[in-house]
Amino acid sequence: MNVVVCVKQIPDPAATPSLDAEHRLDRSGKLILDEADTYGVEVALRLVEASGDGEVSLVSMGDATDVTGIRSALAMGAMRATVVSDPLLKGADALTTAKVLAAVISRDVPDLVLAATESSDGYTGTLPVQLAELLGLPALTFATSVAVESGDVVVHRQTELGYDEVVAALPAVVTVTAGVVEPRYATFKGIMAAKSRTVEVLSVADLGLDASALVPRQEVVSVELAATKNAGEKYVDDGEGAARIVAFLERIKILAGSAS
Amino acid sequence: MSVSNLWVLAEPARGDVTTTSKELISEARRLGATVTAITWGANDDVARVVGSYGASRLWDLGDLGAILPASVVANTVASLLEGETPDAVLIPASNDGRDIAGRLSARLDTPVLTNVTGLRDGATLESEHPIFGGTHTVLARLRDSAPGLFVVRAKSFSATPDGVDVALRESVTPVTSSRTATIRSSHVEERNGPALEDAKVVVSGGRGLGDASSYALVEELARLLDGAPGASRAIVDAGWVPYSHQVGQTGKTVKPDLYVACGISGATQHMVGMKGAANVIAINKDPDAPIFAISDFGVVGDVQRVLPALIELLKARA
Ligand SMILES: Cc1cc2nc3c(=O)[nH]c(=O)nc-3n(C[C@H](O)[C@H](O)[C@H](O)COP(=O)(O)OP(=O)(O)OC[C@H]3O[C@@H](n4cnc5c(N)ncnc54)[C@H](O)[C@@H]3O)c2cc1C
Ligand SMILES: Cc1cc2nc3c(=O)[nH]c(=O)nc-3n(C[C@H](O)[C@H](O)[C@H](O)COP(=O)(O)OP(=O)(O)OC[C@H]3O[C@@H](n4cnc5c(N)ncnc54)[C@H](O)[C@@H]3O)c2cc1C
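Residues numbered from 1 in each chain as written. Chains lettered and ligands numbered in written order. Predicted model: local features only at pLDDT ≥ 70, side-chain atom pairs only at ≥ 80, totals over all residues. Heavy atoms only, no water.

A.B. asks: Account for the site of ligand 2, with residues named and values stated.
C.D. replies: Not every one of the 26 residues close to ligand 2 is listed here, only the nearest: S232, T250, S265, Q269 and H270 of chain B. Near ligand 2, the surrounding residues are drawn from chains A and B. Backbone polar atom of R207 of chain B to an oxygen atom of ligand 2: 2.8 Å apart, as the coordinates give it. Separating an oxygen atom of ligand 2 from a backbone N or O atom of R233 of chain B is a distance of 2.9 Å. Look at ligand 2: alone it shows 990 Å² of surface, and the protein chains cover 82% of it. Breaking the shell around ligand 2 down by element, the ones donating at least two residues are α6 (233-237) and α7 (268-271) of chain B. For the shell around ligand 2, the class distribution of residues is 5 nonpolar, 16 polar and 5 charged. (Near = heavy atom within 4 Å. Polar contact = N/O pair within 3.5 Å; in protein donor to acceptor, adjacent residues only side chain to side chain. Areas by Shrake-Rupley, 256 points an atom, 1.4 Å probe, with all protein chains shown as cover. Helix = DSSP H or I, 4+ residues; strand = E, 2+ residues; numbered from the N terminus. Nonpolar A, V, L, I, M, F, W, Y, C, P; charged D, E, K, R; others polar.)

A.B. asks: Just give me the short version of the interface of chain B and chain A, but keep the residues and values in it.
C.D. replies: Each partner contributes to the interface: chain B provides 81 residues, whereas chain A provides 78 residues. Around 7100 Å² of area is buried between chain B and chain A when both sides are counted, 54% of it from carbon and sulfur atoms. Three residues, R98, R184 and F297 of chain B, lead the burial of chain B against chain A; their summed loss comes to 10% of the area buried on that side. At the boundary of chain B and chain A, one finds 14 salt bridges. Measuring nitrogen to oxygen at the nearest pair gives 3.0 Å for the salt bridge that ties R184 of chain B to E165 of chain A. Inspection of the chain B/chain A interface yields 39 residue pairs in polar contact (both at pLDDT 80 or more). (Contact = heavy atoms within 4.5 Å. Buried area = accessible area lost by both parts, 1.4 Å probe. Salt bridge = Lys/Arg side-chain N within 4 Å of Asp/Glu carboxyl O.)

By themselves, these are just geometric observations and shouldn't be taken as functional.
Below you can see the structure in the form of structure tokens.
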């Protein structure tokens, strides 16, 4: 089976994020593969390995000056990648991004499209379902396990109370939550092989998309500093930490005051 | 005042609608709008419930069967929007809510504003979004898009049942979809005590507990304080506790009277889900852990010592 995984390069989450002059996330620093996407890549590789044929390919939208993050997903075992990169797409909202990814994926619809439930930088969590609607496919979201059974995809979907077992006919879009599988480390051989794999870079015009349909329609009015709370008391535990907590609980009336 | 007509998706939950749905109906009414609630799979009492929070009309799609509701609900809402254009559709930030918003957005060719924690009635409806772990608030709006689609986080508003009337209930025939996914079975994890999102006290554990078995200390403390046990994502991902315990950006939003963070560093994605707590106690062995910055009371210490001692003191009082 063929699986397409949506992967995104993001500013390093360990660095302090900032906004540019137009109130957009500053993406000018080094970009890395969103860790949330490594789970999708791993799930895809396992499904393809289990099916015995087909391959995993990657689609991405974003700056393609440095594609090290994409290469790291290729090093895990994906065979090729398509990145749509175009100055027209700066500040794209999630729906615009979905339109672009749908245009790439619809050139050759795979059996399964995988994405993370939400990205680590924008975390709207709506893109994969927008993509499913544009492609005319079912969407099975918040999956903690993914299996394929005779032409159907079966997932465990997280719910407020536990999980549901959900099934749909392929092709379909599935979003996976972090931690569902242990993403493999790229081997030296994988890293070497990734160097020769194709990373196709396309512009909006290459995809035949109408640029006027891609104009961002969300607008940031202002960015304000949120009210912050001051840190309260802090004690180093000297054996009395628990007793001090009890006294605090009495003060805030979670516990009734003791008689003493 | 610019908004006059708001639609709210009232997500069903065991014969009722979710608390977040009630919060959104209350807020829509507070903004001065005529409020329409849209629901499915609910019981007959829902018209009274949504009416009591301020909806004057209820569109009821009825039982959709064992499917993920998003594609059918989005199709139906899209067809209802052909007859009337509200200022906005407010959608609770739940799993199904997010899916419905995504489908509807693509159907209507309108972007969605997500992770909304506040609404302001300006020239158009504007939404507040916490970013960078809540240190900043972005105020955003949609350009030339009616209706606006907003996905709103739980506990952004209070739910106040001071409307008095029963909403006028109209049955709506659902618009079917060929893109559905079927629910084969549902698995519910047993939990005792109050629900995490409603509990007055929440005691959460993180990676600093050291191992899965130490989570019992968190559960015991929660029980002694009539609270609910919660968790950071680190220990959910590690498989120590089920996802239903997770507090934070991708988990539950809680706003208890007291939140006790045990061995939790205080990552921005965790704090987004609990910083509305009236009081925060943190126990962490690292004096520089970010959680202390938002704590009312901090103990720099080992959870393996402080928690058992605290449990003993509380048991002695009981
Ligand atoms: C703080 C912040 C808030 C934002 N709020 C909004 C908002 O309210 N509404 C809105 O429309 N946009 C918003 N955006 C913009 C939005 O993040 C971008 O449009 C982004 O390209 C797609 O959204 P996402 O990453 O949030 O998607 P999600 O839906 O969170 O992404 C889920 C998964 O889809 C895949 N995916 C997402 N983007 C790409 C990509 N570029 N290439 C390949 N795969 C991808 C990945 O697997 C990802 O994990 C916001 C951005 C920031 C930084
Ligand atoms: C897109 C995205 C979404 C996310 N959503 C969420 C979410 O919803 N909820 C969430 O919680 N996280 C979320 N995270 C993860 C988050 O970034 C952190 O990784 C996570 O919260 C860390 O959990 P922790 O505090 O338990 O672990 P750590 O960060 O490892 O912290 C452990 C703490 O325990 C302390 N400690 C160690 N030993 C002891 C001891 N013996 N006694 C006392 N203290 C001790 C340490 O000093 C440290 O501060 C998300 C991340 C991303 C990228």
